[in-house]
Amino acid sequence: MVEKFLEGNRAFIENDFQKDNEHYQKLATSQSPESLWIACSDSRVNPERIVSAKMGEIFVHRNIGNIVAKNDPNLGCVLEYAVGHLKVKYIIICGHSDCGAMKALDADMSDEEYISTWLKHSQEVKETVEGEYGTPAECADLAARKKEIELENIRVQLENLRSYSPVKGAEEEGRIELHGLFYDLDTGKLEKIA
């Protein structure tokens, strides 16, 4: 597998890096992305690829379920750097269809030490959707319920972003905008939901 990656890198250098060398030389010493993109770690959802962005245009933070856990020092560091130093103008929370984390949120994952602990940060999502659709056993339209969990997770994570002082201050001063996007794996379409 590593050889495949090294071969892919050789193709990247030949087909992209050398052809746009001026762009890559600028990136060798600095970056100035306009957006911070918080996305799921899912291998099917590559932020740069789904929006046809060039390297250096998006500052990316990925985790299981595109979750914005409150008081997370890792995410706090990303936000502080993106907002305070890179001066991003937009923060995007991007969720997607067929999200394994959102399926797990709806299942009993108590035997999974790290997954169950992480998903507690989205417990509010499950409770909100259960209030509207009921439990999976009570729900007549499981597909609609599943999608609503994915969409509600984006909305909740946008609100959680505002609990971080760098984001709250920058938004209040009008220096950044927060957006929620949903990527559909079946169609390749990205849509704004918040």
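Calculation criteria
- Residues numbered from 1 in each chain as written.
- Predicted model: local features only at pLDDT ≥ 70, side-chain atom pairs only at ≥ 80, totals over all residues.
- Heavy atoms only, no water.
- Pairing = 2+ DSSP bridges.
- Helix = DSSP H or I, 4+ residues; strand = E, 2+ residues; numbered from the N terminus.
- Axes fitted to C-alpha atoms, helices over the stretch in contact; angles between N-to-C directions.
- Contact = heavy atoms within 4.5 Å.
- Core = buried A, V, L, I, M, F, W, Y, C linked by side-chain atoms within 4.5 Å.
- Buried < 20%, exposed > 50% of the residue type's maximum accessible area, 1.4 Å probe, protein only.
- Parallel < 35°, antiparallel > 145°, perpendicular 65-115°, else oblique.
- Left-handed = near helix turned anticlockwise from the far one by under 90°.
- Nonpolar A, V, L, I, M, F, W, Y, C, P; charged D, E, K, R; others polar.

> I'm lost on the sheet that holds strand β5 (residues 190–192) in this one. Help?
Paired through their backbone hydrogen bonds, the strands of a sheet run either parallel or antiparallel. Ordered in space as β2-β1-β3-β4-β5, the 5 strands form an open sheet in which the pairing is mixed. With one partner strand each, in any of the chains shown, β2 (58–63) and β5 form the two edges of the open sheet. Here the strands of the sheet are splayed against their neighbours by 25° on average, with no regard to which way each runs. Both strand β1 (residues 35–40) and β2 contribute to a ladder of 6 bridges, which runs parallel. Bridged to Ser35 within β2 is Ile58. Contacting β1, β2 and β3 (90–96), helix α4 (residues 73–85) crosses the sheet at an angle of about 170° to β2. Across the face of the sheet, helix α8 (residues 142–161) comes into contact with β1, β3, β4 (177–183) and β5 while running at roughly 160° to β4.

> When you look at the nonpolar core in this model, what are you seeing that I'm missing?
What tends to happen in soluble globular proteins is that the nonpolar side chains get buried as a cluster. Formed by 23 residues in total, the largest nonpolar core has its most connected members in Leu36, Ile38, Leu79, Ile91, Leu161 and Val167. Formed by 14 residues, the second largest nonpolar core is a distinct cluster that contains Cys99, Met102, Met109 and Val125.

> Explain the packing of helix α7 (residues 123–133) against α8 to me, please; I cannot follow it from the model alone.
Geometry of a packed helix pair, given as the angle between the helix axes and the separation of the axes. Orientation of α7 relative to α8, taken along the N-to-C sense of each, is 135°, at an axis distance of 9 Å. As the angle between them shows, α7 and α8 are arranged oblique. For the pair α7 and α8, the sense of crossing is right-handed. In contact with Glu124, Val125, Thr128, Val129, Glu130 and Tyr133 of α7, α8 contributes Ala144, Arg145, Glu148, Ile149, Glu152, Asn153 and Val156. A class-by-class count of the residues in the contact of α7 with α8 yields 6 nonpolar, 2 polar and 5 charged.

Nothing here speaks to function; it is all geometry.
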